Amino acid sequence: MWQQQAYLCDPLRKTEFFNKPRDGVEKQQTMSKLHFTTKHANEATVQRNWYVVDGTNQTVGRMCSKIAAILRGKNKAYYTPHVDCGDYVIVINADKVVFTGTKIEYKEYHNFSGYPGGQKIEIAKDLMRRRPEVIVERAVKGMLPKNSLGRKMYKKLFVYVGAEHQHKAQQPKELKF
């Protein structure tokens, strides 16, 4: 009996056996109440928040992977892969992030100008001394999609060396990892 009822609820099954009236009473077919439509985000429905992250004593890769997820919008219930539904992230104290193991001495950052002999290699320790915000920026950028949507997400990241930032008017919430 339960198998017959399941077929009665299925609108795709149109066999005469299950659709003919029984006892002179015609049964009305109904859809399941468990069927919902998926809500897709778009630019009008996305709500963006501002978060501030303190990089003091944070491991670079672990912190940046969580920041990249927030920039993509993966922390929201209405995450849609083809829509930029992420939040704004401000990173302060980027000069106080740490590497695990011996990466500070052996990790290399490559730049290439496109010309012969235009390749420059810099060690993480030297880059940390010269421009510490670039370490966080490059780590996050490498974790975002490599297309126009990823470039749009990357513009919502703001990295500062000190403890001060210029986005106090947006009233960012502090984000702890």
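Preceding this section is the structure that the text describes.
Rules of the game
- Residues numbered from 1 in each chain as written.
- Predicted model: local features only at pLDDT ≥ 70, side-chain atom pairs only at ≥ 80, totals over all residues.
- Heavy atoms only, no water.
- Helix = DSSP H or I, 4+ residues; strand = E, 2+ residues; numbered from the N terminus.
- Contact = heavy atoms within 4.5 Å.
- Core = buried A, V, L, I, M, F, W, Y, C linked by side-chain atoms within 4.5 Å.
- Buried < 20%, exposed > 50% of the residue type's maximum accessible area, 1.4 Å probe, protein only.
- Pairing = 2+ DSSP bridges.

Visitor: What should I look at first to understand the environment of V159 in this one?
Guide: Following the sequence through the fold, V159 ends up in strand 5 (residues 157-159). For the pair V159 and N93, spaced 66 residues apart in the sequence, the C-alpha separation amounts to 8.4 Å. Once residues lying within four places of it in the same chain are set aside, the contact partners of V159 are V91, A94, E133, V136 and E137.

Visitor: Explain the nonpolar core here, please?
Guide: Proteins that are soluble and globular tend to have nonpolar side chains buried together. Membership of the largest hydrophobic core comes to 29 residues, with the highest contact counts inside it found for M63, I67, V89, V91, V136, V140 and L157. Of all the elements in the fold, those that place two or more residues in this core are strand 1 (50-54), helix 3 (60-72), strand 2 (88-92), helix 5 (124-130), helix 6 (132-142), helix 7 (148-154) and strand 5. If you tally residues by element for this core, the top one is helix 3, at seven residues. Setting aside residues no more than four positions away along its own chain, V140 makes contact with C64, I67, A68, L71 and L157.

Visitor: When you look at unusual backbone geometry in this model, what are you seeing that I'm missing?
Guide: With glycine set apart, most residues show a phi of negative sign, and most peptide bonds adopt trans. Within the chain, N57 stands out as a residue other than glycine whose phi angle is a positive 60°. Within the fold, N57 resides in the loop between strand 1 and helix 3. Residue N57 is classed as exposed on the basis of its relative accessible area of 63%. Residues other than glycine seldom take positive phi values, yet N93 does so here, at roughly 55°. Relative to the elements of secondary structure, N93 occurs in the loop between strand 2 and helix 4 (103-106).

Visitor: Looking at this structure, I do not really get the pairing of strand 3 (residues 108-112). What am I missing?
Guide: As a general feature of sheets, a regular strand has side chains that alternate between the two faces. Relative to strand 4 (residues 119-123), strand 3 is paired through five bridges, and the arrangement is antiparallel. Across the sheet, the residue bridging to F112 is Q119, located in strand 4. In this structure, the hairpin formed by strand 3 and strand 4 is closed by a connection of six residues, where G114 is found at a positive phi of approximately 100°.

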